[in-house]
Amino acid sequence: MKKIVFATNNAHKLQELREIVGDKFQILSLNDIDCHDDIPETQPTIEGNAEQKARFIKDKYGYDCFSDDTCLEIDAFGGEPGVYSARYAGDGHDSEANMKKVLTKLEGVPMEKRTARFRTAVALILNGEFHIFDGRVEGHILTAKQGDSGFGYDPIFQPDEADGRSFAQMSADEKNAISHRGRAVKKLVQFLCK
């Protein structure tokens, strides 16, 4: 069976992908290949970061690999936080601080001007070829946190395709059906399984 590395140690993401792909590929985590490196993410775009991580694994460990990167783009901020989404309020990857910064900057802005989107890029290196898959979901930034599921900006992001709930108020299955990451991964899986 062909082995491919998913450049993550997120157990939930790994399990989900393993179930979807089935026995077509053996999906390995960074832990499985004994990778404990601080993988660089220094590119100006999420597509660049995803590619950089995948190439790092291929070059250093020799495995075919796929990697993802995600950002939140808020129209009122000209697309910020963008590629800096995880560290918008500082280098600590502090979700609470990031949400607080967004909500503070948007104070007094009416809902119709709080448009935003999540975007995910998945980079794949397979058999010497490079591929990129993308996913996006449009929505709005809420005026306060709602819900306690999910992670990152989920409590303040309300997708347009939902019924008024934030991502953090949805089950994992509900969120994955319409999410940016779910859409990008679906394209990846369709490619891998064809």
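Residues numbered from 1 in each chain as written. Predicted model: local features only at pLDDT ≥ 70, side-chain atom pairs only at ≥ 80, totals over all residues. Heavy atoms only, no water.

Chemist: Just give me the short version of the state of the cysteines, but keep the residues and values in it.
Modeler: Cysteine pairs can be linked by a disulfide, which is a covalent bond between their two sulfur atoms. Taken as a whole and assessed by the stated rule, the structure comprises 0 disulfides. Here Cys65 stays free of any disulfide, with the sulfur of Cys35 as its closest cysteine sulfur at 8.9 Å. In this structure Cys65 comes out as buried when scored by relative accessible area, which is 0%. With no disulfide of its own, Cys71 lies 20 Å from the sulfur of Cys65, the closest cysteine sulfur. (Disulfide = S-S within 2.5 Å. Buried < 20%, exposed > 50% of the residue type's maximum accessible area, 1.4 Å probe, protein only.)

Chemist: So what's going on with unusual backbone geometry? Which residues, and what values?
Modeler: Cis peptide bonds are those with omega within 30 degrees of zero, and the linkage from Glu80 to Pro81 qualifies with 0°. Residues other than glycine seldom take positive phi values, yet Asp34 does so here, at roughly 60°. The exposed category is assigned to Asp34, whose relative accessible area is 54%. One non-glycine residue, Asn127, lies in positive phi territory at about 55°. Position of Asn127 among the secondary structure elements: in the loop between β5 (115-126) and β6 (129-141). (Helix = DSSP H or I, 4+ residues; strand = E, 2+ residues; numbered from the N terminus.)

Chemist: How would you explain the environment of Pro81 if you had to name every residue and give the values?
Modeler: Relative to the elements of secondary structure, Pro81 occurs in strand β4 (residues 81-82). For Pro81, a relative accessible area of 3% puts it in the buried group. Considered as a pair, Pro81 and Gly150 are 69 residues apart in the sequence and their alpha carbons are 19 Å apart.

Chemist: Tell me about the packing of helix α1 (residues 11-21) against helix α5 (residues 180-192), and please be specific about residues and values.
Modeler: Packing of α1 against α5 leaves a shortest axis separation of 11 Å and a crossing angle of 40°. If you check the angle between α1 and α5, you find them oblique. Here α1 and α5 pass one another in a crossing that is right-handed. Two secondary-structure elements touch here, α1 through Lys13, Leu17, Ile20 and Val21 and α5 through Arg181, Val185, Leu188 and Val189. (Axes fitted to C-alpha atoms, helices over the stretch in contact; angles between N-to-C directions. Parallel < 35°, antiparallel > 145°, perpendicular 65-115°, else oblique. Left-handed = near helix turned anticlockwise from the far one by under 90°. Contact = heavy atoms within 4.5 Å.)

Chemist: Kindly report on the pattern of salt bridges, identifying the contributing residues and their values.
Modeler: What the rule picks out here adds up to 19 salt bridges. Ionic pairing is found between Asp75 and Arg117, a salt bridge with its closest N-O pair at 3.0 Å. Highlighted residues: Asp75 in the loop between β3 (65-74) and β4 and Arg117 in strand β5, separated in sequence by 42 residues. With a relative accessible area of 11%, Arg117 lands in the buried category. Between Glu80 and Lys105 there is a salt bridge whose closest N-O contact spans 3.3 Å. Linking Glu80 in the loop between β3 and β4 with Lys105 in helix α3 (residues 95-105), this pair joins segments that are 25 residues apart in sequence. Three or more residues joined by partner-sharing salt bridges are found here, namely Glu47, Glu73, Asp75, Arg117, Arg119, Arg136 and Glu138. (Salt bridge = Lys/Arg side-chain N within 4 Å of Asp/Glu carboxyl O.)

Chemist: Hey, could you go over the packing of aromatic side chains for me, with residue numbers and the actual values?
Modeler: Scanning all chains against the criterion turns up 5 aromatic pairs. Ring plane angle 20° and centroid distance 4.5 Å describe the contact between Phe6 and Phe66, whose orientation is recorded as stacked. Highlighted residues: Phe6 in strand β1 (residues 2-6) and Phe66 in strand β3, separated in sequence by 60 residues. What makes Phe66 buried here is its relative accessible area of 2%. Lying across the ring of Tyr88, Lys101 places its NZ or CZ 4.2 Å from the centre. The ring of Phe151 has Lys175 lying over it, and the distance from NZ or CZ to the ring centre is 4.6 Å. (Phe/Tyr/Trp six-rings, centres within 6.5 Å; stacked < 30°, edge-to-face > 60°. Lys NZ or Arg CZ within 6 Å of the ring centre and 35° of its normal.)

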